[in-house]
Amino acid sequence: MDADTTVTLTDPMDFKVEELLKEVHFARTPAITKLVDDTVSAIRKSISKIPDAFPVTADLAPGFVRDIGADKVEFKFNKPKTFKIGGSYSINCVVKPAVNVDLFVGLPKECFHEKDYLNHRYHAKRCLYLCVIKKHLKSSPSFDKVEWSAMQNEARKPVLVVYPAVKSVEAPGFFVRIIPTAASLFNIAKLNLKRNNVRAFNQDGIPRATPKYNSSILEDMFLEDNAEYVEKTISRWKELGEALILLKVWARQRSSIYVHDCLNGYLISILLSYLVSLDKINNSMKALQILRVVLDFIATSKLWNRGLYFPPKGQIGVSKEEKLQYKEAFPVVICDPSAQVNLAFRMTSVGFCELQDEAASTLQCMDKCGDGGFEETFLTKIDFPAKYDYCVRLNLRGHTEVHALGFCLDDECWRLYEQKVHSLLNQGLVDRAKSIRVTWRNSPSEWNIENGLAVLDREPLLVGISVSSLEKLFRIVDIGPNAEKKEEALRFRKFWGEKAELRRFKDGTIAESTVWESEQWTRHLILKGIIEYVLLRHLSLSKENVVQIVDQLDFSLLHGAKDLVSFSASLLEAFEVLSKRLHLIEDIPLKISSVQPLDSDFPSFCCAIILEGSGNWPMDHVAIEKTKSAFLIKIGESLQNRWGMTCSATEDDADIFMSGYAFRLKILHERGLSLVKSENGNKAKRVYSTDKMLFIRGQHASMINGLQGRYPVFGPVVRFLRLLAEYDWTFSALVIDINNDFGPEDFKLINDNFVSSRKASEENVQNVNPALFLATAYDKASEAWTTCSPNFTELKRLVAYARSSANLLTKLILEDQTDSCRWEQCYFHLQCLFRTPLNNYDAVVLLHRQRLPYPRRLLFPSEVNRGRHVARVNASKAFGPFLVPEEMKGSSEEVKNKMMVDFDPLRCFVGDKEYSNKLKLWYDSLGGDAIGLTWERVGSKIGVESFVSVQNALVGVRIRRLATANGGSKLVGHLFVNSTAAGQGAFVNAFHPIPTVFKN
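Residues numbered from 1 in each chain as written. Predicted model: local features only at pLDDT ≥ 70, side-chain atom pairs only at ≥ 80, totals over all residues. Heavy atoms only, no water.

To continue, consider the environment of Ser-789. Within the secondary structure, Ser-789 is located in the loop between strand E27 (774-775) and helix H24 (792-814). Distance in space between the C-alpha atoms of Ser-789 and Leu-772 is 8.2 Å, their sequence separation being 17 residues. (Helix = DSSP H or I, 4+ residues; strand = E, 2+ residues; numbered from the N terminus.)

A few words on a nonpolar patch on the surface. Together, Val-717, Phe-720 and Leu-723 give the surface a local cluster of nonpolar side chains, amounting to about 240 Å² of exposed area. Considering the arrangement of structural elements, one finds Val-717 in the loop between helix H21 (690-710) and helix H22 (718-726). (Patch = residues over 30% accessible without salt bridge, like charges linked within 9 Å, V, L, I, M, F, W, Y side chains within 5 Å. Areas by Shrake-Rupley, 256 points an atom, 1.4 Å probe, with all protein chains shown as cover. Salt bridge = Lys/Arg side-chain N within 4 Å of Asp/Glu carboxyl O.)

Attention now moves to a positive patch on the surface. Taken together, Lys-72, Lys-115, Lys-190, Arg-195 and Arg-199 make up a surface patch of like positive charges. Among the structural elements, Lys-72 can be located in the loop between helix H3 (62-68) and strand E2 (75-77). For Lys-72, a relative accessible area of 57% translates into the label exposed. (Lys, Arg positive; Asp, Glu negative; His and termini not counted. Charge placed at Lys NZ, Arg CZ, Asp CG, Glu CD. Buried < 20%, exposed > 50% of the residue type's maximum accessible area, 1.4 Å probe, protein only.)

Let's shift gears to the packing of aromatic side chains. Tallying each qualifying case throughout the model produces 30 aromatic pairs. With a centroid separation of 6.0 Å and an interplanar angle of 80°, the aromatic rings of Tyr-117 and Phe-186 are classed as edge-to-face. Taken together, the positions of Tyr-117 in the loop between strand E4 (100-106) and helix H5 (121-138) and Phe-186 in the loop between strand E7 (175-181) and strand E8 (202-203) put the pair 69 residues apart, joining distant regions of the chain. The pair Tyr-117 / Phe-186 is uniform in exposure class, with both members buried. Judged by centre distance (5.0 Å) and plane angle (85°), the rings of Phe-495 and Trp-496 are edge-to-face. Per residue, the accessibility class of Phe-495 equals that of Trp-496, and both read buried. In this structure, Arg-857 is placed above the aromatic ring of Tyr-854, and the distance from its NZ or CZ to the ring centre is 4.1 Å. A cation sits over an aromatic face here: Lys-920 above Trp-922, 5.6 Å from the ring centre. (Phe/Tyr/Trp six-rings, centres within 6.5 Å; stacked < 30°, edge-to-face > 60°. Lys NZ or Arg CZ within 6 Å of the ring centre and 35° of its normal.)

What follows covers the sheet that holds strand E23 (residues 661-668). One open sheet accounts for 5 strands, arranged E19-E20-E23-E22-E21; its pairing is mixed. Looking at which strands have only one partner, the edges of the open sheet turn out to be strand E19 (592-597) and strand E21 (646-649). Within this sheet the neighbouring strands show an average axis-to-axis angle of 25°, counted without direction. With 5 bridges joining them, strand E20 (residues 606-611) and E23 adopt parallel strand pairing. (Pairing = 2+ DSSP bridges. Axes fitted to C-alpha atoms, helices over the stretch in contact; angles between N-to-C directions.)

This next bit is on the nonpolar core. Among the nonpolar cores identified, the biggest contains 166 residues, and Ile-281, Phe-378, Val-421 and Leu-453 are the most heavily contacted of them. Excluding its chain neighbours within four sequence positions, the residues that come into contact with Ile-281 are Trp-237, Leu-240, Leu-272, Leu-275, Val-276, Ile-290, Val-293 and Val-294. Membership of the second largest hydrophobic core comes to 29 residues, among which are Ile-592, Phe-605, Leu-611 and Phe-631. (Core = buried A, V, L, I, M, F, W, Y, C linked by side-chain atoms within 4.5 Å. Contact = heavy atoms within 4.5 Å.)

Set out below in C-alpha cells:
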C-alpha cells in the first residue's frame, strides 16, 4: 500500500474521547460569537446609561447589608473601569450543558474608601453596585430576565445572571454572569492572613485572624490577572484545552467533589497551569495523557503536604514563613502565580480527601476496566444516591440556630454548620463509617438578595456515609474510654448523655459504653439510630427534620410482619442438621461428600448433593439421570427410616420436610458438567445439562455470598438501576470479576465471545437473540442467565423502566418534599417503583389474588381503570397458598400429598406455548397479580374483537388444562382489553422478570 493511501487505525479510546469532545464542547460558531458579542454589548450599553455620581445607599439591599453586619456603605456610583470576558469562554473551553460567559466588571476605586476591607464593607458595596446594574438591566428590552447567584456558593459574594431576550437554538439557556473584580483596590498588606478584619470575630475580646475573609477579597483583587495567566497557558496548545474539558466532564459527574468546598472549573484550570509551569505536562502529550497526569498528581503527589506554589519568575519566591502561615490557615493550598492569595481557601480537608479518593479510583478504573474505563470515567454519574451507602437529609428551613452567631464572620454560617454536623457524626459513628460527606448548597435559583440571607436555608443539607465493614456496622456495643481516664470519660458522658453507661466487660475492663439493642434483621438500622440520637441531642432538631434514606423500602422485603432475615437462624440451623444427617447416611453405594446451597438468597432451600468419586457411573446422559433418581429415592428412604423425616422423592429431586422448611435435594455429578447439544430445526441449539446448571447455580451462590462479605452494604438500589439503564449493552460486555481473577487472556476470550454473539444477533432478523452479555469466572460466554431473555425488544422496556425508577429515587433522596408528598408517606411514589402502569398493554389479565402461591409478596394490588372487560373466570377452591386447619386432618401421608412444593400456577400458565406466537406476556414472577399482553407483531392493527376471539386460548382452554393437571386450580380472574392501546406494539415501561427460582 502506498504511503499516501495508508490508513491509520485510531485507538478505540482515542476515538471515543474525540467523539466526547465533539459532543460536550461548546464551540464558537459565528452565530454563538454574535450572540455573545451582542449580549455583552447590550450589557455595556445599559450600564453606560447609569448617571455618574448616582447616590447609592443601603436601601437598595437593606436585608443583605444588615445580615452581613456592614456599616458605612454609602457611595456615589461610578461606571466600571473595565469590561473583560473571562472564564471558560475566553479560553474556548465551555462545557455543555452549562452554556454561559463570565463578564468581569472592574469596580472603580472612587466608590471605595481605603479601609473598606474592614467589617464586610467591601462585600456590601460590591452587592449594592450590582443592585444598581441589575435595576438598569431589568428595564432594558434586550434582556429576558436578571437573577442573583453566588460565586462558588459564597453568599456574601453575589453575581448577576443575565439572560438575553434573543434565544439561540445552538445555545439553549445561555446566560452571562456579571462578576465584579477589585484590582488594586486595597493595600495587600492589610489583608495578611494573620490580620483580623472583622472586628466581631473575637474570642474573649481578643481579635482572631480572618484568613478566609481576607482571601475572599484578595480573590477579587487578582481575579483578572489569574484569568489572564490561565488564558495564556491553556492557549499554548490545543491538547491543554481538550484536557481541561475532559477534567471538567470527569469532575461534574462526581457531585461529592464538584462542589463549593472542593473542586470547580476555575481551580482545575489553575492546577493544569501549575503542572505546565513545572514541566510535568508537555506539548507531545494527548489530552487523555494530560488527564492521567493531573489525576495522578492529585492522588499521589507529596507536594500537597507543603502547598502548591508557582515557580517565581525573576523575583523572590514565597518564604518559608509565608508557606507556614498558609498551611496553618488552610488545609489545602494552591497559591496563585502572584503568591498573594490561596485560590483553594474554600477547600476543606474532607473535600480534598474525597478528591484524592476519586482521582485514585478513576486511575484504577482506567487501568482495569474495558476500553480504558471510558464509560466509568466520563459517562457514569456518581452523585450522593449512587456513591454513599447511607444518605441523610436535614431540613433546616427556619432553624435560627444556624446563624445564631451571625451569618458571616471569617467564614459563613452555613460552612460552619457543615463542619459541625460532620464533627458530630464523625464522633458518633467512630469506625463504623469509612467516610462522611456533608454539603449544603445555598444558592437557590430564585433569590432576592435584597431581602437578606435568611432565605438561604431553603435547600436541605445532605450527608453521605460510606460504611467500613459489616462487623463494625452491626456492632451493638461501642466501648468508650476506661473509667480511670477521668477527663476522657467526662467528655464521653457529655457527648452521649443518657445513652452512656459504665460497664464491666468479659476481660475485666471497666469502661464507658453505649448499647444499641437491635434484632438481627434490623441491624442495618443501628446506624440510623445513632445518627438520629446524635443530631437530635446536639442540634436541637425534631425527628421530622432528619430524613434518613435507609429503610423506606424495607416493607417490600417483609414476610408477614418480619424480614426474611429473621428466619435465617432457624433455617441455617435446619440446614446444618440436614447436612450432618446426609453425611451420616451409609446405606447407599456412594457416600455423600458435600452439600451445597444453590441459591444466594437462600429462601428457596435448593441444595446440591455431591457424591464421592467412582468410575462405575454410566456414560449415557439418560442413564446418569436415572442413576441419580435411584440415589435420591434411597436417600429419602434413609432419612425417613433413620430419623423419621418426611420425604417426597421424584425422578428429578427429593423434597425433605423439617423444622417447617422444605429442602429440595438434587445430585450434581461431574460427568454431566459438559455442554449437551440438541438439534432445533436446522440450527444447533446449545443447552446446559442438569449438572451444568446445578454447578452454575452453586458457583453463583458462592460468588454472591463472597461479594456480601467484601461489600456488606451495597448501598441504594439506585446503583443497580442506573447500571441497567445506562450501560452500553449493545456494544459492551459486562465483565463481572469480583475477585480480580481475570488476566489478559480471559478478557480476550470474553471479547471474542461477545463479538461472536453480536454477529449472530445481526444475522438474526427476528431480533430474538439475548441482548445482555454477562461474563463471569464460571461463564465467560454469557450462557448461564441470558440465553432465553431478555431480547433486544424486552431490554428496551427494562432499560426505560429502570431509568424512570432511578430518576424518581434520586429526586426523592436529594430533594426536600412537602409534608403531603414525602416519599415515605406517599403511596403513589412506591407504586411507581414497584408496579408497571397497566395502561401500557394491549390487554391485561388480572389474577385471583387469593389463589396466588405467594400472596404476601403482592405489594400493590393491580387496578384497571380503562379498557373493556371481556372475560371472567371464577376462582376454584381446590387450590390455596396455605393449608387451612381442615386440610390438616387425616394421616401424615394424606397431608403430605396435599403439599405442593414449588408449585406456581402462574408459571405453568405463561409457560404454555400455544399462544406464544400471537401474544407477548409480561408478568412479575415474584408476586404479581397481573399479566400484561402485547401483540408480537409491532404495528399490526388489532381490535377488541381479535382479543375476544383468542380468549378461549387465554382464559378457557389453558385454564381447563391447568385445572386438570393441578387439582382444579383456576388462577385467571379477569381479561381487560385496552382498546385505545391495541396494536401499538412495544411500550417503554413494561417489566420482564428474571427466570423463576425454586421457592419454599
